[in-house]
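# Structural features, examined
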Amino acid sequence: MGELKPDCWICKTLREPAHLIFFESRTSVGKLNPDQYFRGYSFVTLKWHDEELYQLTDKNRRSFLEDMSRVARALAKTFNPDKMNYELLGNGMPHLHWHLVPRYKTDPMWGRPIWTGSRRRRRLTREEYETLVKQVQSQLAG
Ligand SMILES: [Zn+2]
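Right, let's walk through the structure included here. (Residues numbered from 1 in each chain as written. Predicted model: local features only at pLDDT ≥ 70, side-chain atom pairs only at ≥ 80, totals over all residues. Heavy atoms only, no water.)

### Concerning the nonpolar core
Spelled out, the test is: Only buried residues count toward a nonpolar core, which is a set of Ala, Val, Leu, Ile, Met, Phe, Trp, Tyr and Cys residues joined through side-chain atoms within 4.5 Å. Partly exposed describes any residue whose relative accessible area lies between the buried limit of under 20% and the exposed limit of over 50%, with all areas from a 1.4 Å probe on protein chains only and scaled to the type maximum. Comment: elements are numbered from the N terminus, with helices defined as DSSP H or I runs of at least four residues and strands as E runs of at least two. Two residues qualify as a contact provided that any one of their heavy atoms is within 4.5 Å of a heavy atom in the partner residue.
Counting 26 residues, the largest nonpolar core has Phe22, Val71, Leu75 and Leu100 as its most contacted members. Of all elements in the fold, only β1 (21–24), β3 (42–46), α2 (58–79), β5 (97–103) and α3 (126–141) reach the threshold of two or more residues within this core. Ranked by the residues each element gives to this core, the list is headed by α2, at seven residues. With sequence-adjacent residues up to four places away left out, Val71 is seen in contact with Phe22, Phe23, Val44, Leu100 and Leu140. If you look at the next biggest cluster of nonpolar residues, it comprises seven residues, including Phe38, Tyr41, Met109 and Ile114.

### Examining the coordination of the zinc ion
The condition is simple: Listed donor atoms are N, O and S within 2.8 Å of the metal (Na, K and Ca: 3.2 Å). As water is not included, a site may look incomplete. Labels for metal geometry use angle windows, namely 85 to 135 degrees for all angles of a four-donor tetrahedral site, and for square planar (four donors) or octahedral (six donors) sites opposite donors over 155 degrees apart plus all others within 65 to 115; sites meeting none of these are irregular.
On the protein side, the zinc ion has Cys8 (SG), Cys11 (SG), His49 (ND1) and His95 (ND1) as donor atoms, found 2.0 to 2.3 Å from it. Of note is the zinc ion, whose four donor atoms meet at the metal with angles of 105 to 113° in an arrangement that counts as tetrahedral. For Cys11, a relative accessible area of 7% translates into the label buried.

### Observations regarding the side chain of Arg103
Using the following cut-off: In protein, a polar contact requires one atom able to donate a hydrogen and another able to accept it; more generally it is a pair of N or O atoms within 3.5 Å, and residues adjacent in sequence count only if both atoms are side-chain atoms.
Note on placement: Arg103 falls in strand β5. A distance of 2.8 Å separates a polar side-chain atom of Arg103 from the backbone oxygen of Arg112. Setting aside residues up to four positions removed in sequence, Arg103 forms contacts with Phe38, Pro81, Asp82, Lys83, Asn85, Met109, Trp110, Gly111, Arg112, Pro113 and Ile114.

### Side note on the packing of aromatic side chains
Convention followed: Each Phe, Tyr or Trp ring (for Trp, its six-membered ring) is paired with any other whose centre lies within 6.5 Å, and the angle between the two planes then decides the class: stacked below 30 degrees, edge-to-face above 60, tilted in between.
Under the defined criterion, the tally for this structure stands at three aromatic pairs. Both rings, one in Tyr37 and one in Phe38, keep their centres 5.1 Å apart while their planes meet at 90°; by these two values the pair is edge-to-face. Like Phe38, Tyr37 is buried. Ring centres 6.1 Å apart and planes at 40° place the aromatic pair Phe64 and Trp98 in the tilted group. Residue Phe64 is found in helix α2, and its partner Trp98 is found in strand β5; the two are separated by 34 residues along the sequence.

### Remarks on the side chain of Lys31
This is how it is decided: Neither His nor the chain ends is counted toward charge; the positive residues are Lys and Arg and the negative residues Asp and Glu. Here, a salt bridge means any side-chain nitrogen of Lys or Arg that lies within 4 Å of a carboxyl oxygen of Asp or Glu.
For Lys31, the position within the fold is in strand β2 (residues 28–32). The buried charged residue Lys31 lacks any salt bridge partner; its closest oppositely charged side chain belongs to Glu16, at an N-O distance of 7.4 Å. Among the polar contacts listed, one links the side chain of Lys31 to the backbone oxygen of Leu14, at a separation of 3.1 Å. Discounting chain neighbours no more than four positions away, the residues touching Lys31 are Thr13, Leu14, Arg15, Glu16, Leu20, Ile21, Phe22, Ser42 and Phe43.

### Focus on the pattern of salt bridges
Taken as a whole and assessed by the stated rule, the structure comprises seven salt bridges. In this structure, Glu24 engages Arg15 in a salt bridge whose closest nitrogen and oxygen atoms are separated by 2.6 Å. Exposure remark for Glu24: the relative accessible area of 40% places this residue in the partly exposed category. Its relative accessible area of 42% is what places Arg15 among the partly exposed residues. Look at the salt bridges and you will find they share partners, linking Arg15, Glu24 and Lys47 into a network.

### Let's talk about the sheet that holds β3
The criterion, for reference: Think of it this way: DSSP has to see at least two bridges between two strands before they count as a pair. For helices, the fitted axis covers only the stretch in contact; all axes are lines through C-alpha atoms, and the angles between them, taken along N-to-C directions, range from 0 to 180 degrees.
Across the sheet, which stays open at both edges, the five strands sit in the order β1-β2-β3-β5-β4 with antiparallel pairing between neighbours. Unpaired on one side and paired on the other, β1 and β4 (83–87) mark the two borders of the sheet. For this sheet, the mean inter-axis angle between neighbouring strands, taken without regard to orientation, is 20°. Pairing between β2 and β3: five bridges, direction antiparallel. By the bridge assignment for β3, Lys31 is matched with Phe43. Strands in contact with α2 are β1, β2, β3, β4 and β5; relative to β5, the strand with the most contacts, it is inclined by about 20°. Contacting β1 and β2, α3 crosses the sheet at an angle of about 30° to β1.

Okay, structure coming up:
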């Protein structure tokens, strides 16, 4: 198991904000993106600081990938998107974290990556986030 890195924002905020977290395993933390413009947009973040998939041990990489797939399935069951996007970029913040972005035919950027052009942001109320967290957790349990 690796270590946290003092100057890494993702290491510092691994379990924040707490009310957005819906999943934790040996390797990963799963939480909603505060920006819910794409309904169900979530992150699955490695619990220690590593920057490349190929640097993980086989065991940790398998676990991280399985966690991501398991969360993606739960998000798909909860939000019923037309497509799931899986992105592991790390250009701005190199700490390994998946963007799981449910995509809908109704979204204005359908057919394109979410990073092209400008997009609006959408914040929810505390209660709305908590409802989504419970819905995803019930799919993870099932
Ligand atoms: Zn980090």
